[in-house]
Amino acid sequence: MSAAVSPRRRTEVVDALRRGTVPSQGLDLLAVGLDRFSAALDKELDTVAGGGSVFKAVRGEYGTGKTFFTRHLAERALKRGLATAEVQISETETPLHRLETVYRRVTESLRTASTPPSAFRSVLDSWLFTLEEDVLSTEPSLGDASPERLSEAVQELLDRRLADVTTKTPAFALALRAYHRAVSEGDGATADSLAAWLGGQPHIAAAAKRAAGVRGDLDHFGAMAFLQGLLLVLRDAGHPGLLLVLDEVETLQRMRGDVRDKALNAIRQLVDEIDSGRFPGLYLVITGTPAFYEGPSGVPRLPPLAQRLATDFATDARFDNPRAVQVRLGGFDERSLVEVGSKVRDLYAGGTEHSDRILHEVDDDYVAQLSRAVTGSLGGKVGIAPRVFLKKLVGEVLDRVDQFPDFDPRQDYALTLRQDELSDVERQAAAAGAGPRRAVAASSADEVELDL
């Protein structure tokens, strides 16, 4: 499979793993254990592309691959022509109860198959181009008309397309009209300011807002209507929907009680609006830990939301329903950890002239040894190991085998986990696994003792 991978795609994936982060694309090359979700997710993406809407809650402990899952889903969405956006919820920078901030992060992270973040301005311009093409296809004679007459016809079509949005948020439609006018007249400064205002950015020049007939900045309530307008613009620009991921929503458990309740209510409001059909073309995904969905500081604090997300997980995980509103990720076991490590090794080998040496020195047996070593250093917790394991495999083993002909990972490499390279959860696991010795290093993969 790696032989058919483009050099750029391979490099992006390997570089991300070397940094210890989840690649933004190319995840189909690494996917392990997600086949059971594929049919249901593809059907839901088809529903969204057809004008429907979907809400999905993903649950899993740290290390079970929630970010990997959502980015893998995003790749599938992009292949269908949808736009995607990923928003990291945080207590200070992107609090969930401030939907105007969430909307701004959506436009900042917006991407399409052809345009990386932020694709928002590109989508706006593509939308205007589509409107003009639609006008000319309806009235070909306008092709010979003056620019002013063509602009008027485009404005008329724009008004008709925005009729539903105008009734709920006139400001969005006003700003779009003014943006079209500024682009038509070559007023770049005003167009830039209005594009930023439409994207939810604060502190826009007053002159640009006066030109559009709007005032102030986007607020919490206006954000819902702006999202509705964004979906309409996306659809007319050739993107039938938007996959929006709100990642790490469990962080709201650390917020003050009243703020936490507002955030939970914001989720409930979004779920209800999706159910009502207000957001055609929206696939909304939230991710969180089991403690968020079940704990006293999470979803149960708002019974109406808890009722909407309630899913039976008492049955054997083999029979989990991937179509349910809430799905759980089981995380990695030893077999799947070795499998993904072998995939990464093969991917790496496919991009170097020393592939034979890499496949020989880092064979499946060594990959399994390294996975056991990393897992053992993290207290035997396989679910926490993938990030560190792949980071070590790429940056400390594969890179060295590739660059140094006499490097033998079995003889020359000593696994060491430094405190400064671990996350809080990983440090806790390492400390617990080390016991009174508090050691997080082993001289070789074979010397790691596992407490299983």
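Just so we're clear, the structure is a prediction, and the values are computed from it rather than from any experiment. (Residues numbered from 1 in each chain as written. Predicted model: local features only at pLDDT ≥ 70, side-chain atom pairs only at ≥ 80, totals over all residues. Heavy atoms only, no water.)

**Q** Just checking my understanding: could you explain the pattern of salt bridges for this structure?
**A** When the charged atoms of two side chains with opposite charge come close together, those side chains can pair. Under the defined criterion, the tally for this structure stands at 35 salt bridges. Of the charged contacts in the structure, one is a salt bridge between Arg278 and Glu273, with a shortest N-O distance of 3.2 Å. Summarising the burial analysis for this pair, Arg278 and Glu273 share the class buried. The structure contains a network of salt bridges with shared partners spanning Asp42, Asp46, Arg76 and Arg80. (Salt bridge = Lys/Arg side-chain N within 4 Å of Asp/Glu carboxyl O. Buried < 20%, exposed > 50% of the residue type's maximum accessible area, 1.4 Å probe, protein only.)

**Q** Sorry, what's going on with the pairing of strand S3 (residues 242-247) here?
**A** On a regular strand, one side chain projects to one face of the sheet and the next to the other, so that they alternate. For S3, a buried count of six out of six residues is recorded, marking the element as mostly surrounded by other parts of the structure. The pairing of S3 with strand S4 (residues 282-288) spans five bridges and is parallel. Bridge pairing in S4 places Leu243 opposite Tyr283. Traced from S3 through helix H12 (residues 257-276) to S4, the parallel crossover comes out right-handed. (Helix = DSSP H or I, 4+ residues; strand = E, 2+ residues; numbered from the N terminus. Pairing = 2+ DSSP bridges. Right-handed = clockwise from strand over helix to strand, strands pointing away.)

**Q** Even after reading the chapter, I still don't get helix H9 (residues 188-198), so can you show me in this structure?
**A** The complete set of buried residues in H9 reads Thr190, Ala191, Ser193, Leu194, Ala195, Trp197 and Leu198. Of the surrounding secondary structure, the elements contacted by the buried residues of H9 are helix H4 (99-109), helix H5 (120-138), helix H8 (170-184), helix H10 (206-212) and helix H11 (220-236). Positive backbone phi, at 85°, marks Gly200, one or two positions downstream of H9. (Contact = heavy atoms within 4.5 Å.)

**Q** Got a minute to help me understand the nonpolar core in this structure?
**A** Burial of nonpolar side chains together is a common tendency in soluble globular proteins. In this structure, Leu96, Tyr103, Trp127, Leu242, Leu244, Leu246 and Leu282 are the most contacted members of the largest nonpolar core, which totals 77 residues. By residue number, the principal contributor to this core is H11, which donates nine residues. Apart from the residues within four sequence positions on either side, Leu96 is in contact with Ile89, Val102, Leu246, Val249, Leu252, Ala263, Ala266 and Ile267. In terms of nonpolar packing, the next biggest core, distinct from the first, is built from 61 residues, Leu370, Val397, Val401 and Leu417 among them. (Core = buried A, V, L, I, M, F, W, Y, C linked by side-chain atoms within 4.5 Å.)

**Q** Can you help me understand the sheet that holds S4 in this one?
**A** Backbone-to-backbone hydrogen bonds join strands into a sheet, with any given pair of strands oriented parallel or antiparallel. Taken in spatial order, the five strands of this open sheet run S2-S3-S4-S1-S5, and their pairing is parallel. At either margin of the open sheet sits one strand with a lone partner, and together these are strand S2 (83-88) and strand S5 (326-328). Strand-to-strand twist in this sheet, taken as the mean axis angle between neighbours without regard to direction, amounts to 20°. Lying over the sheet, helix H2 (residues 35-49) contacts strand S1 (54-59), S4 and S5, oriented at roughly 140° with respect to S4. (Axes fitted to C-alpha atoms, helices over the stretch in contact; angles between N-to-C directions.)

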